[in-house]
Amino acid sequence: MTKEFEIISEATKNYVICSGAKGYEEFKLISTLSNIIINVKDRKDNFKFIKKYSFKEIDKLVTNFLEELNPSYREYYEIRKEDGSIIFDNNKEKYNDGAFSEYDEIYNNRIIYIPLRGTLEDAFAIIHELFHDINADEKHKSIARMFCTEGISLLGEMLLEDYLVANKVKDARTSMNHSLYCVKSKAIELDFNIKLVLKYLENNYIDVADIMDLIETYPGNYGSDLSFSIQKIVELEDLTIDVEQTYILGTLLATYMYDRIKNNKNNINELFELNQELKNYKFGQVLDYLEIKCNGWDFHDDTYEKLERCYKKYIKSR
């Protein structure tokens, strides 16, 4: 483990140098959001899919959901299928590959890759990546999209789950159970990464003993989460703050927007407008649109309380 910790020490040093990080204030927002998720009562890792679904069944569920949500989304999905830019992969050897959407420079268009696993998870993967695709624009890469696109896609999954539950579809809650379980792991990972940086800034170095001491500050039941975080840093030879923070903010934005929709069904239009205009908005514009109060790169206390309340409410409702 000493070798791994030496790699983590070097990765932390490099992160501080490259990012120009100076202290806690730069991490306050994402650290506070991570702790909202960490401090919610542990969820059971109950995400075993019982029923197998054919692609035909998945495609029908997705099509019907999109038609009910927004007919223009169903039309968009049909167009993307017809032009071949959604790749549905039945290759059993690629089961460990996750779904993704990206710009293909060779063919000069966006593609959506969905590895079919034969469970209801396929429907959630399609919706998640389709929503990413709708708000993507290679010519306008904005900070707003970087931080908010995960929230839009996760909200799409939450609404899909509601549709499936209402229609008594088997395994309707399993995929989101898995997502919520994973996001807590990501929150622990992000918290660990931030504490590595803060420890380095405290002494202008971080050694193996410091890392071991830091690990011991966490509860024993976080062992697997910390091991996974250590493994990722070692493999990448880099910290994972920049990537994981998008999932933390995205999850809390999703539960916040979901709550607004449940309180007023007309707020579904917030999803449609943001999904369409996200690539054109600045981050502050997104927050203003959603009535989220901020002060620079920090949220007001009542905003943190609001996000925490909506997240806890969503978890409790499951």
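For the structure itself, look to the data block above.
A brief structural summary. (Residues numbered from 1 in each chain as written. Predicted model: local features only at pLDDT ≥ 70, side-chain atom pairs only at ≥ 80, totals over all residues. Heavy atoms only, no water.)

### Comments concerning the packing of helix α7 (residues 174-203) against helix α13 (residues 301-316)
At a closest axis distance of 12 Å, the pairing of α7 and α13 adopts a crossing angle of 135°. Taken together, the axes of α7 and α13 lie oblique to each other. The element α7 and its partner α13 pack so that their crossing is left-handed. Mapping the contact onto sequence places M176, L180 and V183 in α7 and Y311, Y314 and I315 in α13. Residues belonging to the contact of α7 with α13 are distributed by class as follows: six nonpolar, no polar and no charged. (Axes fitted to C-alpha atoms, helices over the stretch in contact; angles between N-to-C directions. Helix = DSSP H or I, 4+ residues; strand = E, 2+ residues; numbered from the N terminus. Parallel < 35°, antiparallel > 145°, perpendicular 65-115°, else oblique. Left-handed = near helix turned anticlockwise from the far one by under 90°. Contact = heavy atoms within 4.5 Å. Nonpolar A, V, L, I, M, F, W, Y, C, P; charged D, E, K, R; others polar.)

### Focus on the nonpolar core
Core analysis: the biggest nonpolar cluster contains 99 residues, and L33 and L120 have the highest contact counts within it. If we ignore the near neighbours within four places in the chain, the residues touching L120 are F49, Y53, I58, L61, L164, V169, K170, D171 and A172. (Core = buried A, V, L, I, M, F, W, Y, C linked by side-chain atoms within 4.5 Å. Buried < 20%, exposed > 50% of the residue type's maximum accessible area, 1.4 Å probe, protein only.)

### Describing the sheet that holds strand β3 (residues 109-115)
A sheet is described by the order of its strands in space; here three strands give the open sequence β1-β3-β2, paired in mixed fashion. Single-partner strands in this sheet number two, and they are β1 (86-89) and β2 (100-104). Recorded for the sheet is a direction-independent mean angle of 25° between the axes of neighbouring strands. Here four bridges tie β1 to β3, and the two strands are oriented parallel to one another. Looking across to β3, one finds that F88 is bridged to I114. (Pairing = 2+ DSSP bridges.)

### Here we look at the packing of helix α3 (residues 55-69) against helix α6 (residues 143-166)
Across the interface, α3 lies against α6 with an axial gap of 10 Å and an inter-helix angle of 105°. Classified by the angle their axes make, α3 and α6 are roughly perpendicular. Packed against α3, whose contacting residues are L61, N64, F65, E68 and L69, the element α6 presents G156, L159, L160, Y163 and L164 at the interface.

### Some points on helix α11 (residues 268-277)
For α11, the set of buried residues is I268, E270, L271, F272, L274 and N275. Taken together, the buried residues of α11 touch α3, α4 (71-82), α5 (121-134), α6, α10 (241-263) and α12 (283-289).

### Focus: the pattern of salt bridges
In the structure shown here, the tally under the stated rule is 20 salt bridges. For R318, the salt bridge is made with E161, and the minimal N-O distance between the two is 2.7 Å. Linking R318 in the segment after α13 with E161 in helix α6, this pair joins segments that are 157 residues apart in sequence. Residue classification places E161 among the buried residues on the basis of a relative accessible area of 1%. In this structure, E244 engages K232 in a salt bridge whose closest nitrogen and oxygen atoms are separated by 2.5 Å. With a gap of 12 residues between them, E244 in helix α10 and K232 in helix α9 (residues 223-236) connect regions that are remote in the sequence. Overall, the relative accessible area of 16% leaves K232 in the buried class. A single network of salt bridges, built from pairs that share partners, joins K186, E189, K232 and E244. (Salt bridge = Lys/Arg side-chain N within 4 Å of Asp/Glu carboxyl O.)

### Remarks on unusual backbone geometry
A positive phi angle, near 55°, is found at K168, a position not held by glycine. Summarising the element assignment, K168 is placed in the loop between α6 and α7.

### Some details on the packing of aromatic side chains
What the rule picks out here adds up to nine aromatic pairs. A ring pair is formed by Y73 and F131, whose centres lie 5.3 Å apart and whose planes are at 85°; its orientation type is edge-to-face. On the criterion of sequence distance, the pair formed by Y73 in helix α4 and F131 in helix α5 is long-range, its members being 58 residues apart. We note that Y73, like F131, is buried. Considering the side-chain rings of Y258 and Y314, the 5.1 Å spacing of their centres and the 80° angle between planes classify their relative orientation as edge-to-face. Separated by 56 residues along the polypeptide, Y258 in helix α10 and Y314 in helix α13 bring together distant segments of the chain. For Y258, a relative accessible area of 12% translates into the label buried. (Phe/Tyr/Trp six-rings, centres within 6.5 Å; stacked < 30°, edge-to-face > 60°.)

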